[in-house]
Each structure stands twice: as structure tokens, then as C-alpha cells.
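Reading the structure
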Amino acid sequence: MSSDDQVSPSRSVEDEAGDRRALKSVAVQFFANGATYATIIPRLPEIRDQVGISIGALGLVLTIASVASLIGSAFAGRVTARIGSRRVMIYGAVMSIGFLPIIGFANSAVVLTVALFGLLLFDIFIDVAMNVQGSALSARRHTPVMNRLHGLWSLGTVAGGVVTVLALRAGMSTATQLTIVAIVLIGALLFVAPGLLHRDEAPELEDEVAAIEGRTHLGRLSVASLLLAVGGAAAMAIEITNGDWSSFRLGDDLGAAPGVAGLAFLTFTGGMTVGRLSGDWIQVRVGPVQLIRLSTAVMAVGAVLAMLVPSVPVAIVGFLIGGLGTSVLFPQLYDRAARAPGPPGSGFAFMLVGQRGAGVLTPLVVGALADTSALGVGQAMAIVVLPSILLMFLTTLARR
């Protein structure tokens with residue numbers, strides 16, 4: 001984070017130093033989390049062949065594994081509020097790292113499903129904990145940092161994607177690479193753990209819209225909760241479809257070689273990285289709602305180019321544009337969930353249920369559609385992504 005992002009002048013020098021250490025630690029966790037994701041996703045075609053299943057069966061495996069995230073979403077916020085984000089992040093990381101080599105050595109659909117299930121279950125706890133800490137630190141600064149923290153996650157995916165593409169071209173096995181990644185992540189955890197915030201503080205709602213929404217209820221559900229759930233579902237459908245299926249779009253639809261097909265995921269995450277690293281300053285100038293509206297227009301252009309134009313270069317450019325548009329969605333949603341009324345972490349329930357529910361359904365829908373003779377992978381992706389973009393835009397109208 002840049003040196004011009006000053007913290008509140010009311011905080012002591014000791015507090016400021018602690019916040020700087022915590023921000024560095026949380027930043028490393030975001031980067032490492034993204035690198036882990038990028039190590040697995042570009043290798044999905046190889047993993048599919050390794051365990052001997054079809055693309056439709058892989059969609060089913062990803063769907064079953066994603067149930068872990070849905071289960072975890074029901075408990076992650078409450079567990080974080082109860083024992084603290086620092087402990088949740090450390091314990092979750094240890095458990096999650098342990099499943100990486102198992103994925104690498106998986107030789108059956110059952111083993112792959114179990115390993116992915118375990119990794120995704122603990123990943124949701126890490127996800128909540130690092131965003132609670134990131135949002136708390138962001139709220140203390142004149143310029144927010146949540147977009148840039150998520151930008152580091154995206155930068156991690158770019159770094160992991162580059163390494164994975166190079167490893168694929170060099171002929172390195174999935175098992176070898178994921179074992180090495182697990183060892184590196186243990187080293188990152190040793191750096192992260194000491195610097196994290198030791199105590200979570202209840203959020204102070206200074207945002208007028210958030211305060212109003214927090215008091216407006218429909219029955220037992222607040223408007224804010226409903227919008228978080230819908231936004232989480234739409235954002236997840238957009239991101240997971242572009243990320244998980246981009247390599248299949250180039251490889252299966254357009255006949256690109258594995259090394260070229262992997263560039264689709266790399267350009268999508270590259271676009272997300274650029275968008276997130278610049279998103280905080282754009283947000284300061286146009287506001288969070290207008291930022292989302294602008295991003296939906298960019299996403300729509302990228303989706304049409306990437307998923308419906310039968311050209312490898314055009315599709316790659318489309319995934320880059322789509323990544324730029326998608327970049328700000330989750331930073332905005334996580335920041336608002338973290339600042340919801342109540343104990344730290346308690347505001348994530350609805351957003352995570354929507355997000356992870358879409359995470360369960362999206363691979364199943366895309367895989368099933370792409371497995372038919374009537375549709376290609378790109379068309380199946382478009383059927384999911386384009387309505388989700390429209391839904392995300394409509395949530396910004398509902399916020400007025």
C-alpha cells in the first residue's frame with residue numbers, strides 16, 4: 001500500500017505501527033490465497049484427464065465440492081465473531097494447505113471431490129477472517145484499501161497462473177507443483193501470523209446508506225441483507241464462470257493448445273488485478289454505487305467478446321476486459337458485509353449464502369449446458385454470465 005494513505009491522526013504512533021504490520025500481514029494472506037486458487041484452476045483440464053472423467057462429470061465434482069463453501073458460509077461469520085479473525089485465519093490456513101497435495105495426487109473422482117471439499121470448506125473461514133481484518137484496517141485510512149487488498153489476491157492469481165503455465169509447458173506434474181505450493185504457503189503463514197490484528201473491533205457505521213439499510217427490514221430480513229445475498233450470488237456466478245471455464249472455452253471450443261488455453265484465465269485475472277489496484281482511487285472519485293454500474297457495462301462487453309466471438313485472440317481480449325469489469329464486485333460486497341451492524345464477521349451470513357449458493361449451482365449449470373451437443377462452452381458461459389451482469393446492475397438501482 002502506498003505511503004500517501006495516511007491513517008487517522010487521532011491514533012497513536014504505536015497504533016499506527018501495529019496497523020502497518022497488520023496490513024502487510026493481511027496483504028500477504030490475500031496474495032497467497034489468490035496464488036493457491038490460480039495453481040489449481042488452470043490445471044483443471046489436466047486434473048480431469050488424470051482422474052478420467054468428462055467435462056460434465058467435472059462440473060458435478062466442482063458442484064459437490066462447492067457445497068463445502070455453502071456449509072462453511074453458515075458458520076464462518078459466527079465462528080469469526082466468537083473466537084476472532086486472527087485465530088480463524090491461522091487455523092483455517094493450516095487445514096486448507098493440507099489438502100493441496102491430495103488434490104495433486106488424486107487418481108479418482110472420489111478422492112478429488114473429498115480433497116476439494118476440504119480445501120473449500122476451510123477456505124471460506126480464511127475468506128471471512130482476512131476480509132474482517134482488511135475492512136477494519138481500511139476504515140481507519142483516508143483512502144480505502146479493500147479494492148487493493150483484493151487486487152493483491154488477483155495479483156496472486158496472476159503470479160500463480162504464470163507459474164502454472166510455465167510448469168505446464170515444462171511438463172511438471174500437478175502433484176509436484178501442488179506439493180511445492182503447500183510448502184511455500186506454510187512459509188507465508190509463518191510470516192503472516194505474528195503481525196495480524198489480535199483483537200477485532202465492532203464496525204462504526206459512518207456510511208449513510210449502510211446505516212439506513214441496516215435499520216430497514218422486510219419481516220426479519222433487512223434490505224441490506226437481501227442486497228448482499230443477491231449481489232453475492234450474481235458476482236460469484238460471473239467470477240467463477242469466467243475463471244473456472246475460460247481455459248475450456250479456448251481449448252474445447254476454439255482448439256487452442258493447453259499453454260494457450262491457460263492464457264484465458266491469466267488475462268482474466270490480469271484484468272481483475274489492474275481493476276482492483278486502481279479501484280480505490282476510482283471509488284473515491286465516483287462513489288461505490290456508480291463504480292458498480294460502470295463495471296457492469298465493461299463486464300457485458302467483455303462477456304460478448306470472450307464467449308460469443310469465435311476467435312482465440314478476441315476471446316483473450318474479452319476475458320481481459322471482463323476481468324477489469326468484474327474486479328470491484330467482491331471488494332465492495334465484502335467491505336459492506338464487514339461493516340454491517342453487529343460483532344465483526346456477523347454481517348457475512350447472507351452475502352456468503354448467496355455467493356456460495358451460486359458457487360454450488362454455477363459449475364453444475366455450465367457443465368451440464370456445455371456437455372450437450374447443442375451448445376459450446378462459450379455459449380453455456382454466456383447463458384449464466386449475461387443475466388448475472390444484469391442482476392448486478394439492478395441491485396444498484398434497488399439501493400437508491
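Here's what I pulled together on the structure shown here.

Procedures and definitions
- Residues numbered from 1 in each chain as written.
- Predicted model: local features only at pLDDT ≥ 70, side-chain atom pairs only at ≥ 80, totals over all residues.
- Heavy atoms only, no water.
- Helix = DSSP H or I, 4+ residues; strand = E, 2+ residues; numbered from the N terminus.
- Buried < 20%, exposed > 50% of the residue type's maximum accessible area, 1.4 Å probe, protein only.
- Contact = heavy atoms within 4.5 Å.
- Phe/Tyr/Trp six-rings, centres within 6.5 Å; stacked < 30°, edge-to-face > 60°.
- Patch = residues over 30% accessible without salt bridge, like charges linked within 9 Å, V, L, I, M, F, W, Y side chains within 5 Å.
- Areas by Shrake-Rupley, 256 points an atom, 1.4 Å probe, with all protein chains shown as cover.
- Salt bridge = Lys/Arg side-chain N within 4 Å of Asp/Glu carboxyl O.
- Core = buried A, V, L, I, M, F, W, Y, C linked by side-chain atoms within 4.5 Å.
- Expected span 1.5 Å × (residues − 1).

Here the focus is the side chain of Ser388. Relative to the helices and strands, Ser388 resides in helix α17 (residues 377-398). What makes Ser388 buried here is its relative accessible area of 10%. Those residues in contact with Ser388 that lie beyond four places of it in its chain are Ala234, Ala237 and Ile238.

In the structure shown here, the tally under the stated rule is two aromatic pairs. Here the aromatic rings of Trp245 and Phe248 are separated by 5.4 Å at their centres, their planes lie at 45°, and the arrangement is tilted. Placement of both Trp245 and Phe248 in helix α11 (residues 223-253) is noted, with a separation of three residues, approximately one turn of the helix. Residues Phe330 and Tyr334 carry aromatic rings whose centres are separated by 5.9 Å and whose planes lie at 50° to one another, so their mutual orientation is tilted. Of the two residues, Phe330 and Tyr334 both sit in helix α15 (residues 329-338), four residues apart, roughly one turn of that helix. Here Phe330 and Tyr334 have matching classes, each one buried.

Nonpolar side chains collect at one region of the surface, where Val230, Leu390, Leu391, Phe393, Leu394 and Leu397 lie side by side and expose about 470 Å² of accessible area between them. For the nonpolar patch, the leading source of residues is α17, giving five residues. Examined against the element boundaries, Leu397 turns out to sit in helix α17.

The next thing to look at is the nonpolar core. It is characteristic of soluble globular proteins that their nonpolar side chains tend to be buried jointly. By size, the foremost hydrophobic cluster in this structure holds 100 residues, and its most contacted members are Ile103, Leu112, Leu149, Leu250, Phe348 and Met351. With 12 residues, the top contributor of residues to this core is helix α7 (residues 109-139). In this structure, Leu250 is in contact with Gly255, Ala256, Val260, Ala261, Ala264, Val312, Ala315, Ile316 and Phe319, ignoring residues within four places of it in sequence.

Before going further, it helps to examine helix α13 (residues 288-308). Between its first and last C-alpha atoms α13 spans 30 Å; for 21 residues at 1.5 Å apiece the expected length is 30 Å, and the two agree. Three or more residues of α13 are buried, namely Leu291, Ile292, Arg293, Ser295, Thr296, Met299, Gly302, Ala303, Ala306 and Met307.

Taken as a whole and judged by the stated rule, the model has seven salt bridges. In this structure, the salt-bridge partner of Arg48 is Asp252, at a minimum N-O distance of 3.7 Å. Note that Arg48 is positioned in helix α2 (residues 44-51) and Asp252 in helix α11, a separation of 204 residues in sequence. Take Arg48: its relative accessible area is 13%, and that puts it in the buried class. Accessibility expressed as a relative area gives 41% for Asp252, which makes it partly exposed. Ionic pairing is found between Asp253 and Arg249, a salt bridge with its closest N-O pair at 3.0 Å. Residue Asp253 and its partner Arg249 are both found in helix α11; the two are separated by four residues, about one turn of the helix. When salt bridges with common partners are traced through the structure, they connect Arg48, Asp49 and Asp252 into a single cluster.

Note that every value here comes from positions in space, so none of it alone points to a role or purpose.
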